[in-house]
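Structure at a glance
Residues per chain are reported as follows:
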Amino acid sequence: MNTTTHLRKNHKKITLQKLSIVSIVIGFLCAFLAVSLKHLTEHYEEILFHKATVNWIFFIIFPVFGLSVIYLLRHYLFKKKENKGIKEIFESTGSPTKKIPVYKIPSHFFNGLLTVVFGGSTGIEVSTVVASAAIGSVAQQKENVFKRHKTELICAGIAAGITALFSSPIAGMLFAFEVISKKVTKTFALTTGLSVAIAYAFILILDEKPLFEVSIATWHLHAFPYFLLLGVLAGANSVYLTKCVLYIKGRFTKIDNHATKIIIGSVIISASLLLFPQLYGEGYHAVKTLFASSESVVLTTSFVLTMIGILFLKPIITSITLASGGDGGVFAPSMFIGAFLGLLVATVLNTFFDANVIPLNFMIIGMAAMLSASIHAPFTALFLICGLINDYTLFFPILIVCLVSKTTAQLIYPYTVYTYQPKPIN
């Protein structure tokens, strides 16, 4: 009996050691992938967007070129299989036999990059998440002892990828828990903790800067009811985004010809970009511009029409990008919409109700609220946005508004783009 107990303890110790080593490797590889994809995307998106603003013809050329190259890569290099985004992860973690194949790493990396830099109105976050998950999935296939810890190793990859993208280890762990795993075990804590620690150490060594460099002085208690209003509006807008993605993807699946999908998609994307260049790619360039000018914004007819047009079109053009073959998800679109919504609400309140609120605060809280409502993960959104700006001054109002926006979204529509399951056709 003592011998059996000793053998079990020894086996458990060896298993934990192996899991620790593989988690460290996963953390480094996923962080390296995420940082590489982020910088490549920022670099080439800035160049190509500038070209398009100088010569409008590129707003027409870039989307059709990007979607065509993605299709050719998918058809000839990546086994003719479309990327399903985070649903690929759910399919893998929900089945003992289903794996995320190794080719999904370059597939999501290159397709995500090409989608955004050529004007597709989405972001690289979901591409990074799935590619990181694939690294974790491949790792669990290498030894029999890892096979029963597939979900934990996939979550380790995802958590490291999110940490590297947003400089927030807590957001990485919370996203892996709130969206993917839904439960915490000792193995989950070990694998994600180690991978996140390595990923965070990696970006500290590289001296990665926050995506948005803003200065938040304070927030005022009298603005709290208005924050709650923003939370409700963000919840409603997130449902609009979700339903747009589900509806438009459903319509495009009925089109058998890929060339037709690309042509329809690129025409709509190009027309939208010509109207509102702010919709190009992730849209973070537009958000940075708004951050810089938020205090000096004046409520004019032109401003209102631009804001309403962008809030209306962004979910549609994001859905079109994804449905016509682009790679990405709702992370960046949600934050983009939240920033524009927050600025519009603050400007209206200050102009018509003399609310004396701080527009910058509303933009940041709006970003968190939209993300929380879109993925039903309020704590992930809280730490992710605080990590993005490297400031926790708005921690409490962001927390409350994220809970309000998520609750509002769930009351209106209980699904996200990740959790919705189409009804089977009889």
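So, how was this worked out
- Residues numbered from 1 in each chain as written.
- Predicted model: local features only at pLDDT ≥ 70, side-chain atom pairs only at ≥ 80, totals over all residues.
- Heavy atoms only, no water.
- UniProt positions renumbered as here; feature names shortened; annotations may be inferred.
- Phe/Tyr/Trp six-rings, centres within 6.5 Å; stacked < 30°, edge-to-face > 60°.
- Helix = DSSP H or I, 4+ residues; strand = E, 2+ residues; numbered from the N terminus.
- Buried < 20%, exposed > 50% of the residue type's maximum accessible area, 1.4 Å probe, protein only.
- Axes fitted to C-alpha atoms, helices over the stretch in contact; angles between N-to-C directions.
- Parallel < 35°, antiparallel > 145°, perpendicular 65-115°, else oblique.
- Left-handed = near helix turned anticlockwise from the far one by under 90°.
- Contact = heavy atoms within 4.5 Å.
- Nonpolar A, V, L, I, M, F, W, Y, C, P; charged D, E, K, R; others polar.

Where an unreviewed UniProt entry is consulted, the protein appears under the name Chloride channel protein, CIC family, with the organism given as Flavobacterium saliperosum. Regarding the protein, the UniProt comment filed under Subcellular location (unreviewed entry) reads as follows: "Membrane".

1. Overview of the packing of aromatic side chains
Evaluation of the coordinates by the stated rule reveals 26 aromatic pairs. Between Phe 28 and Phe 32, the aromatic rings sit 6.1 Å apart at their centres with planes inclined by 35°, giving tilted as the arrangement. Of the two residues, Phe 28 and Phe 32 both sit in helix 1 (residues 2–54), four residues apart, roughly one turn of that helix. By relative accessible area, which is 39% here, Phe 28 ends up partly exposed. On the accessibility criterion, Phe 32 (47% relative accessible area) is partly exposed. Here Phe 175 and Phe 331 contribute two aromatic rings whose centre-to-centre distance is 5.4 Å and whose plane-to-plane angle is 65°, an arrangement assigned as edge-to-face.

2. Things to note about the packing of helix 7 (residues 169–181) against helix 15 (residues 378–389)
Packing of helix 7 against helix 15 brings their axes to within 8 Å, and their N-to-C directions diverge by 160°. Taken together, the axes of helix 7 and helix 15 are roughly antiparallel relative to one another. Considering the relative orientation of helix 7 and helix 15, their crossing is left-handed. Taken together, the residues of helix 15 that come into contact with helix 7 (itself represented by Ile 170, Ala 171, Leu 174, Phe 175 and Glu 178) are Pro 378, Phe 379, Thr 380, Phe 383 and Leu 384. Here the contact of helix 7 with helix 15 is built from residues that sort into eight nonpolar, one polar and one charged.

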